[in-house]
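Structural description and commentary
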Amino acid sequence: MSDSALSSPRVRFAPSPTGYLHVGGARTALFNWLFARHLGGTFILRIEDTDFERSSEEMVQGILDGMSWLGLSWDEGPFFQSQRLSLYRRMAEQLVASGHAYYCFCTKEELEQRRAQAAAVGRPPMYDRRCRQLVPAESQMRRAAGEASAIRFRVPDGGSTSWDDAVFGRVEFANAEIEDFVLLRSDGVPTYHLSVVADDLDMRLTHIIRGADHISNTPKQILQYRALGAPLPVFAHVPLILGPDKTRLSKRHGATSVMAYKEMGIVPEAFRNFLALLGWSPGPAHKDREIFSSEDLIQMFALDGISKSNAVFDNDKLAWFNTEYIRAYDSAKLLPLIETEWRAAGFQATRSPQEILAAIDLLKPRARSLKDFAGPFRAYFGDCFEFDPAAVAKFLADPALPALLCELGTRYAAVPEFTESGAEEILRAFAAEKGIKAGALINGSRVALTGQAVAPSLFAVMVTLGRDRVVQRLATVAHPQSSG
RNA sequence: GGCGCCAUGGUGUAAUUGGUUAACACGCCGCCCUCUCAAGGCGGAGAGUUCGGGUUCGAUCCCCGAUGGCGCUACCA
């Protein structure tokens, strides 16, 4: 690695648009981004869409959306491999010309058949290298005759290929274990093995930070670097993210695309913070802290903090990060996120901006998700809300209560000033006068005012709602059907 | 099957790189607070570091083996 690699590294995130941005990919992107930002390097986005069958534009958009939701900005790209095919073909031909690759005329069907045979006999299902023997003249003739051919890499017969992984240390593979892999398919489309190194080289990448599922592909790529006489980048393989059952995270574990978490009401910074700490740690100096802003993360991030073992995705921990972030957010910063939820839920806030901000401040300490603001917290932002049947059953079951609440409302209507402490005094005096427990009145009022059994301190709620609304809602409990 | 990688409470991570009763967070349980639910405060359970051998005065840490998990094993990426 050259000095310039350290002073201004170039890294990339290279997803293939065969699915949405999933959490594993998002974390790989995050680590690349943090690494680049930490060192003042360049973060490149490259879309690996050489599998035309499975790639789609919709998925490309989904990946871009996921990236921007997480705040992962890229400096170059997005580049599309589908638009760079000539580069790969040129490199494949160069490899043929230098004797590092050869034309293979075996058809897909033949290969499959031989693989099946090998498996039946218990032999390793590697390509038998039969086209390696072909003399150039014959290859040339068959190609001229229009016979389809792929280009395969000529893997050295003996020895081994190794590298010093920034995460895993020295990793070594015997060349005998590596088959003569296909570089260029017979239709002229490159395989992953070719296009990654062609692009990583062309884009002058200094560090390849990617999932550990690529470890066994790495020697195939290193062999190409060597054949080309090109310097090796630093490889850093990141452990995988597992589901609760410790198998690789997949759809059957539930949400797997990052946008699904957005839709669950997760705040992007919470998700980013959570993701950063999955398989990476800032080290003992920061071991007692877990809430890190992106600036913190950028400042602390280093490859040597990446763990070697796979990590289990823990929804509870993510939920905790989410509550922490929602609570810490300024209500003004929270508002646009909440407005998005309202729009999605078809809810219209009918109160003034100041009232809305005050209500957010009151509610955010007990929000688990942004969704709460468009669901159970509706009553604070408008008059269109529903009564939770369980809450009604729990605190409004006493048939005498509605009339009492209505009367309490008239007391409130009569006082000159409506304050938190004043409202409490009135309620408690009223309870004493009627010979009932204040708690019954308080709990009943809460349901009457918010539709919920759970809410912040009742008198704070009252002040936030404003006297008129309080009086009106206490009165309407007597007629629950006109609650809307 | 072959090859590669990994292994600290249920989960995520620490442990001055061989040196105390293995720490922190999430989750769980209990108590306090209290008008509900969170939050907060206090306390608790939960690992002797997958197992078995070594090396060493001493191993979470080094070595060997076993086991388990994961990854790769395509003209997918």
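These remarks concern the structure in this document. Please read all numbers here as calculations on a predicted model, not as lab measurements. Position numbers for residues start from 1 in each chain and track the written sequence from start to end. Chain letters and ligand numbers both follow the written order, the letters beginning at A and the numbers at 1. Local features in this predicted model are restricted to residues whose pLDDT is 70 or higher, and side-chain atom pairs enter the listing and the counts only when it is 80 or higher, whereas totals over whole chains, interfaces and linings include all residues. The side-chain figures draw on all heavy atoms in the structure; neither hydrogens nor water molecules are used.

So, on to the state of the cysteines. A pair of sulfur atoms, both from cysteines and within 2.5 Å, is called a disulfide here. A complete count under the given rule lists zero disulfides for this structure. Free of any disulfide, Cys104 has its nearest cysteine sulfur in Cys106, 3.8 Å distant. In this scheme, a residue with accessible area under 20% of its type's maximum is buried, one over 50% is exposed, and one in between is partly exposed, where area comes from a 1.4 Å probe on protein chains only. Overall, Cys104 belongs to the buried group, its relative accessible area being 1%.

As a further point, take the nonpolar core. For our purposes a nonpolar core is just a set of buried Ala, Val, Leu, Ile, Met, Phe, Trp, Tyr and Cys residues, chained together by side-chain atoms within 4.5 Å. If you look at the biggest cluster of nonpolar residues, it comprises 101 residues, and the most contacted ones within it are Phe271, Phe313, Phe373, Phe381 and Tyr412. To qualify as a helix, a DSSP run of H or I must reach at least 4 residues; to qualify as a strand, a run of E must reach at least 2; elements of each kind are numbered from the N terminus. Considering each element in turn, this core owes the most residues, nine residues, to helix H2 (residues 23-39). Working rule for contacts: check all heavy atoms of both residues, and any pair within 4.5 Å makes them a contact. Contacts of Phe271, omitting those with residues within four sequence positions, involve Val23, Trp69, Leu70, Val258, Tyr261, Ile266, Phe313 and Leu318. Counting residues in hydrophobic clusters, the runner-up holds 37 residues, among them Tyr88, Ala101, Leu223 and Leu242.

Okay, the packing of aromatic side chains next. When the centres of two rings from Phe, Tyr and Trp lie within 6.5 Å, Trp using its six-membered ring, the rings pair. Their planes under 30 degrees apart give stacked, over 60 give edge-to-face, and anything left gives tilted. This model, assessed by the stated rule, comprises 18 aromatic pairs. A ring pair is formed by Phe274 and Phe313, whose centres lie 5.0 Å apart and whose planes are at 85 degrees; its orientation type is edge-to-face. Here Phe274 is found in helix H10 (residues 268-276), whereas its partner Phe313 is found in the loop between strand E12 (311-312) and helix H12 (315-328), with 39 residues between them in sequence. The class of Phe274 is buried, set by a relative accessible area of 4%. Among the aromatic residues, those joined into a ring-pair cluster are Trp69, Tyr261, Phe271, Phe274, Phe313, Trp320 and Phe321. Look at NZ for Lys and CZ for Arg. If either is within 6 Å of the ring centre and within 35 degrees of the ring normal, a charge sits over the ring. Taking the ring centre of Tyr127 as reference, the NZ or CZ of Arg152 above it sits at 3.6 Å.

All right, on to the protein's contact with RNA strand B then. Proximity is defined per residue: any heavy atom of the residue falling within 4 Å of a molecule or strand makes that residue near it. Not every one of the 64 residues close to RNA strand B is listed here, only the nearest: Cys106, Arg185, Gly279, Glu290 and Arg446. Of everything in RNA strand B that lies within 4 Å of the protein, sugar and phosphate atoms constitute 72%. Definition of a polar contact: a pair of N or O atoms within 3.5 Å, with one able to donate and the other able to accept a hydrogen when the atoms are protein atoms, and with sequence-neighbouring residues admitted only if both atoms are side-chain atoms. One nitrogen or oxygen atom from the side chain of Asn443 is found 3.4 Å from a sugar or linking oxygen belonging to RNA strand B. With respect to RNA strand B, the backbone of Leu458 contributes an N or O atom lying 3.0 Å from a base nitrogen. When contributions to the surface near RNA strand B are tallied by element, the ones reaching two or more residues are helix H5 (108-121), strand E5 (150-153), strand E7 (169-174), helix H7 (192-202), E12, H12, helix H18 (438-450) and helix H19 (458-465). A per-element tally of the surface near RNA strand B places H12 first, with four residues. Nonpolar residues are Ala, Val, Leu, Ile, Met, Phe, Trp, Tyr, Cys and Pro. Charged residues are Asp, Glu, Lys and Arg, and all others, Gly as well, are polar. Residue composition of the surface near RNA strand B, grouped by class: 24 nonpolar, 16 polar and 24 charged.

This part takes up the sheet that holds strand E1 (residues 10-13). A pair of strands is treated as paired once DSSP finds two or more bridges between them. Across the sheet, three strands lie side by side as E1-E2-E3; this open sheet has parallel pairing. The open sheet has two edge strands with one neighbour each: E1 and strand E3 (76-80). Across the sheet, the axes of successive neighbouring strands diverge by a mean angle of 25 degrees, strand direction being ignored. Running over the sheet, H2 touches E1 and strand E2 (42-47) and is turned about 160 degrees from E1. Between N-to-C directions, angles span 0 to 180 degrees; the directions come from axes that are lines fitted to C-alpha atoms, helices contributing only their stretch in contact.

Let's shift gears to the pairing of E2. The element E2 is extensively covered by neighbouring structure, given that six of its six residues are classed as buried. Of the two faces of E2, the one holding Thr42, Ile44 and Arg46 and the one holding Phe43, Leu45 and Ile47 are both buried throughout. Both E1 and E2 contribute to a ladder of four bridges, which runs parallel. By the bridge assignment for E2, Arg12 is matched with Ile44. Convention used here: a crossover is right-handed provided that the path from the first strand, over the helix, to the second strand proceeds clockwise when the strands point away from the viewer. The parallel pair E1 and E2 is bridged by H2, and the resulting crossover is right-handed.

Turning our attention to the side chain of Ser257. Relative to the helices and strands, Ser257 resides in the loop between strand E11 (241-242) and helix H9 (258-263). Owing to a relative accessible area of 15%, Ser257 belongs among the buried residues under this scheme. Excluding residues that lie within four positions of it along the chain, Ser257 makes contacts with Tyr20, Leu21 and His22.

The next subject is the sheet that holds strand E4 (residues 101-104). The strand order E4-E5-E8 describes an open sheet built from three strands, whose pairing is antiparallel. Lying at the two open borders of the sheet, with one neighbouring strand each, are E4 and strand E8 (182-184). For this sheet, the mean inter-axis angle between neighbouring strands, taken without regard to orientation, is 45 degrees. Pairing of E5 with E8, which is carried by two bridges, proceeds in the antiparallel orientation.

This part is about the pattern of salt bridges. Each salt bridge in this description consists of a side-chain nitrogen of Lys or Arg and a carboxyl oxygen of Asp or Glu lying within 4 Å of one another. Following the criterion strictly, the structure yields 33 salt bridges and no others. Of the charged contacts in the structure, one is a salt bridge between Arg10 and Glu76, with a shortest N-O distance of 3.1 Å. With Arg10 in strand E1 and Glu76 in strand E3, this pair connects stretches of sequence that are 66 residues apart. For Arg10, a relative accessible area of 10% translates into the label buried. When its relative accessible area of 27% is taken as the criterion, Glu76 is described as partly exposed. In this structure, the salt-bridge partner of Glu110 is Arg114, at a minimum N-O distance of 3.6 Å. One end of the pair, Glu110, and the other, Arg114, are both in helix H5, four residues apart, so they sit about a helical turn from each other. Members of the salt-bridge network, linked through shared partners, are Arg12, Arg46, Glu48, Arg84, Asp199, Asp200 and Asp202.

All right, on to the environment of Gln348 then. With respect to the secondary-structure elements, Gln348 resides in the loop between helix H13 (331-345) and helix H14 (353-363). On the accessibility criterion, Gln348 (62% relative accessible area) is exposed. Distance from Gln348 to Ala374, taken between C-alpha atoms, is 9.5 Å for residues 26 residues apart in sequence.

Neither face of E4 is open: one carries Ala101 and Tyr103, the other Tyr102 and Cys104, and all of them are buried. When E4 meets E5, the two strands line up antiparallel, connected through four bridges. Each residue of the ladder has a partner; that of Tyr103, found in E5, is Ile151.

Shape descriptors only; they carry no functional weight alone.
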